[in-house]
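Take a look at the letters that make up each chain.
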Amino acid sequence: MHVLLLNGPNLNLLGQREPGIYGQSSLADIEAELAREAKQESVQLDCFQSNFEGALVDRIHQAMGVSAGILINAGAYTHTSIAIRDALAGVAIPYVELHLSNTHAREEFRHHSFLAERAVGVICGFGPASYSLALKGLLSHLRRNA
Ligand code: CA2
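Rules used throughout
- Residues numbered from 1 in each chain as written.
- Predicted model: local features only at pLDDT ≥ 70, side-chain atom pairs only at ≥ 80, totals over all residues.
- Heavy atoms only, no water.
- Near = heavy atom within 4 Å.
- Polar contact = N/O pair within 3.5 Å; in protein donor to acceptor, adjacent residues only side chain to side chain.
- Areas by Shrake-Rupley, 256 points an atom, 1.4 Å probe, with all protein chains shown as cover.
- Nonpolar A, V, L, I, M, F, W, Y, C, P; charged D, E, K, R; others polar.
- Helix = DSSP H or I, 4+ residues; strand = E, 2+ residues; numbered from the N terminus.
- Contact = heavy atoms within 4.5 Å.
- Salt bridge = Lys/Arg side-chain N within 4 Å of Asp/Glu carboxyl O.
- Buried < 20%, exposed > 50% of the residue type's maximum accessible area, 1.4 Å probe, protein only.

Asks: Could you give an account of the site of the ligand, naming the residues involved and the relevant values?
Replies: Neighbouring the ligand are 17 residues; Asn73, His79, Leu100, Ser101 and Arg110 lie closest to it. Contact between the ligand and Ala76: an oxygen atom at 3.3 Å from a main-chain N or O atom of the residue. Coverage of the ligand by the protein amounts to 94% of the 510 Å² it exposes when considered alone. Along the lines of polarity and charge, the residues of the shell around the ligand split into seven nonpolar, seven polar and three charged.

Okay, structure coming up:
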């Protein structure tokens, strides 16, 4: 089973700046740890990060017929992107939205998500552990509905 991990804009900077908000782990660290956890569950994790909205849309389309589920931290596009919302709806692959920070404890513009309404669930505020929790939630949903 393949699961796709998508990370949006600026998440390539993880571990380099703003450790107070986003922690000290790099994106490569997070991806490697999650791939290890996925492998223990017999899941192949495919990882993709982009700073470009259209590249994320294209990658979502490529998941059709390949990925059983998607984990997505769309970064700031969470709060702006109808295109990513439509792509996720278009491929009809179950997805979990996740964030490192608790977006509800931050600026008001981060409180709304264009992706949350159609997500299996949303995890936020646990730092890099948000990724593990999101994977657990997604796999439990996929196995329940297999
Ligand atoms: O908490 C999250 O995971 C966010 O998706 C992160 C986004 C933010 O726009 C969302 O509201 C919440 C920002 C990612 C920026 O990542 C950086 C990492 C290191 C240094 C600077 C930015």
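There is more to say after this.
Asks: Got a sec to walk through the side chain of Ser81? Specific residues and values, please.
Replies: Position of Ser81 among the secondary structure elements: in the loop between strand E3 (67-73) and helix H4 (82-91). A distance of 2.5 Å separates the side chain of Ser81 from the side chain of Glu53, its partner in a polar contact. Not counting residues up to four positions away in its chain, the partners in contact with Ser81 are Glu53, Phe114 and Leu115.

Asks: So what about the pattern of salt bridges? Which residues, and what values?
Replies: If you walk through the whole model with that rule in mind, you get five salt bridges. A salt bridge links Arg36 to Glu33; the shortest N-O distance between them is 2.9 Å. Of this pair, Arg36 and Glu33 are both found in helix H2 (residues 27-40), three residues apart, which corresponds to roughly one turn of the helix. Given the relative accessible area of 43%, Arg36 is considered partly exposed. Here Glu107 ties to Arg106 by a salt bridge, and the two come within 3.9 Å at their closest N and O atoms.

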